[in-house]
Amino acid sequence: MDRRAPWTPLELVRWTAGYFNGHQIESARSEAEILLAHTLGVRRIDLYLNHDQPLCDDELARFKSYIKRRVDREPVAYITGEREFWSLELAVNPSVLIPRPETECLVEAVLPFLDASGGPPKRVLEWGTGSGAIVIALAHEHPGHRYTAMDRSVDALQTARQNARTHRVDDRIVWFCSDWDAALAPGQETFDLMVSNPPYIRSGDLDGLQAEIRCHEPCMALDGSGDGLACLRHIIEVSHRYLLPGGILALEMGYDQRSDVQAIAAATGQYGLPRVLKDYSGHDRVVVMEKLAA
Ligand code: GLN
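What you see is a predicted model, and the numbers here were worked out from it, not measured in a lab.

Basis of the calculations
Residues numbered from 1 in each chain as written. Predicted model: local features only at pLDDT ≥ 70, side-chain atom pairs only at ≥ 80, totals over all residues. Heavy atoms only, no water. Pairing = 2+ DSSP bridges. Helix = DSSP H or I, 4+ residues; strand = E, 2+ residues; numbered from the N terminus. Axes fitted to C-alpha atoms, helices over the stretch in contact; angles between N-to-C directions. Near = heavy atom within 4 Å. Polar contact = N/O pair within 3.5 Å; in protein donor to acceptor, adjacent residues only side chain to side chain. Parallel < 35°, antiparallel > 145°, perpendicular 65-115°, else oblique. Left-handed = near helix turned anticlockwise from the far one by under 90°. Contact = heavy atoms within 4.5 Å. Nonpolar A, V, L, I, M, F, W, Y, C, P; charged D, E, K, R; others polar. Core = buried A, V, L, I, M, F, W, Y, C linked by side-chain atoms within 4.5 Å. Buried < 20%, exposed > 50% of the residue type's maximum accessible area, 1.4 Å probe, protein only. Right-handed = clockwise from strand over helix to strand, strands pointing away. Salt bridge = Lys/Arg side-chain N within 4 Å of Asp/Glu carboxyl O. Phe/Tyr/Trp six-rings, centres within 6.5 Å; stacked < 30°, edge-to-face > 60°.

Colleague: I tried to follow the sheet that holds strand 9 (residues 284-290) on my own but got confused; where do I start?
Modeller: What links the strands of a sheet is backbone hydrogen bonding, and the strands pair in either a parallel or an antiparallel sense. Here 7 strands make up an open sheet; going across it, the order is 5-4-3-6-7-9-8 and the pairing mixed. Here the strands that pair on one side only, and so sit at the sheet edges, are strand 5 (173-177) and strand 8 (275-278). Ignoring strand direction, the axes of neighbouring strands in this sheet form an average angle of 20 degrees. Here strand 3 (residues 123-127) pairs with strand 6 (residues 191-196) via 4 bridges, running parallel.

Below is the structure:
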């Protein structure tokens, strides 16, 4: 990309989109735009509005370093340090999974339980909050309830709290660090709603993931152990101890885990028949179960 004439944003977007295409990067043009807009500290649309304003040397050097990182398969969200989820801009880094669009289906699935106006505030717990995407989306939609979120990773909790502060919901969320329910005592804490996007990939499938995920995203947030179900199983088996009768447990799961998850829930004898919801691609993705009255 060395040449004498200064580069304009539009020329750079075109050149980079072609270069990314040559490196089998999907969404080449939109990623080129995101990285260039990030370099210049402008919105993507501004690249087209100020398309003939050439880049200075510093900007070009920074942009080149981003291009290099991207072709080294670093996810664009870790390069820019942000990803939008539920129309909220969230800070992300390699200590947290990059929020996925399908996880918005999990948020959508639980909103009806928080919608009812009036009544006492509901108590909501998120298991394994990562960037805080889910609990922050819920607290942003429904500020009147009481939220708690946990994670095993201190670094993830720091990122989640930073995001909660950015979106002014930190005062509505209690955070704690724990290996799932290790820090909770049954009977002391009760919740109306629990939600989680736990790790659910089979360990044997991790090697087959695209390099962006395999080499850069936290394995702790992806690895569901041998059968992929270890965390889902644990969460389903312990959640009823902390849920009120009639309380709801809503989980994201793999597209092929429906019958396993239903069997795990049935074996506890604690939940009604789980309801399965599909993601935007038509895959089974979210399971919602209600704790039976004692
Ligand atoms: N959906 C994620 C992926 O495909 C996995 C998320 C998870 O394990 N919770 O990478």
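What follows picks up the thread again.
Colleague: Would you mind showing me how to read the site of the ligand here?
Modeller: Around the ligand sit Leu97, Arg100, Glu102, Asn197, Pro198, Pro199, Tyr200, Ile201, Ile213, Ala221 and Leu222, and that is every residue in its neighbourhood. Between Pro198 and the ligand, the recorded distance is 2.6 Å, taken from a backbone N or O atom to a nitrogen atom. Contact between the ligand and Tyr200: an oxygen atom at 3.1 Å from a main-chain N or O atom of the residue.

Colleague: I'm lost on the packing of helix 1 (residues 9-22) against helix 2 (residues 28-40) in this one. Help?
Modeller: To describe two helices that pack against each other, one gives the angle between their axes and the distance between the axes. One can describe the packing of helix 1 onto helix 2 by two numbers: an axis separation of 8 Å at closest approach and a directional angle of 135 degrees. With respect to their mutual orientation, helix 1 and helix 2 come out oblique. Between helix 1 and helix 2 lies a crossing whose hand is right-handed. Side by side, helix 1 and helix 2 meet where Pro9, Leu12, Val13, Arg14, Thr16, Ala17, Phe20 and Asn21 of the first sit next to Ala28, Arg29, Glu31, Ala32, Glu33, Leu35, Leu36 and Leu40 of the second. Of the residues assigned to the contact of helix 1 with helix 2, the class counts are 10 nonpolar, 2 polar and 4 charged.

Colleague: Sorry, what's going on with the nonpolar core here?
Modeller: The nonpolar side chains of a soluble globular protein tend to be buried, and buried together. Counting 33 residues, the largest nonpolar core has Val107, Leu138, Tyr147, Ile173 and Trp175 as the members making the most contacts within it. Those residues in contact with Tyr147 that lie beyond four places of it in its chain are Leu114, Val124, Val135, Leu138, Ala139, His142, Arg172, Ile173 and Val174.

Colleague: Please clarify how the side chain of Asp279 should be interpreted in this entry.
Modeller: Within the secondary structure layout, Asp279 lies in the loop between strand 8 and strand 9. Owing to a relative accessible area of 8%, Asp279 belongs among the buried residues under this scheme. Looking at Asp279, its side chain comes within polar contact range of the main-chain nitrogen of Ser281, at 2.9 Å. In contact with Asp279, not counting residues within four places along its chain, are Glu102, Cys105 and Arg285.

Colleague: Got a minute to help me understand the pairing of strand 3 in this structure?
Modeller: On a regular strand, each side chain points to the face opposite its neighbour's, so the side chains alternate between the two faces of the sheet. With 4 of its 5 residues buried, strand 3 lies for the most part within the structure. Pairing geometry for strand 3 and strand 4 (residues 146-151), over 4 bridges, is parallel. Residue pairing across strands places Glu126 opposite Ala149, the latter belonging to strand 4. Between the parallel pair strand 3 and strand 4, the chain is carried across by helix 7 (residues 133-141), and the sense of this crossover is right-handed.

Colleague: When you look at the pattern of salt bridges in this model, what are you seeing that I'm missing?
Modeller: Pairing between side chains becomes possible if they bear opposite charge and their charged atoms approach one another. For the structure on display, the rule yields 18 salt bridges. A salt bridge links Arg43 to Asp46; the shortest N-O distance between them is 3.0 Å. The class of Arg43 is exposed, set by a relative accessible area of 53%. Residue Asp46 is classed as buried on the basis of its relative accessible area of 14%.

Colleague: I would appreciate a short explanation of the packing of aromatic side chains in the present structure.
Modeller: What characterises a pair of aromatic rings is the spacing of the ring centres plus the angle enclosed by the ring planes. Considering all chains together, one arrives at 3 aromatic pairs under this definition. A ring pair is formed by Trp127 and Tyr242, whose centres lie 6.3 Å apart and whose planes are at 70 degrees; its orientation type is edge-to-face. Separated by 115 residues along the polypeptide, Trp127 in strand 3 and Tyr242 in the loop between helix 10 (230-239) and strand 7 (243-252) bring together distant segments of the chain. Take Trp127 and Tyr242: they sit in the same class, and that class is buried. Members of the aromatic cluster, each reached through a chain of ring pairs, are Trp7, Trp15 and Tyr19.

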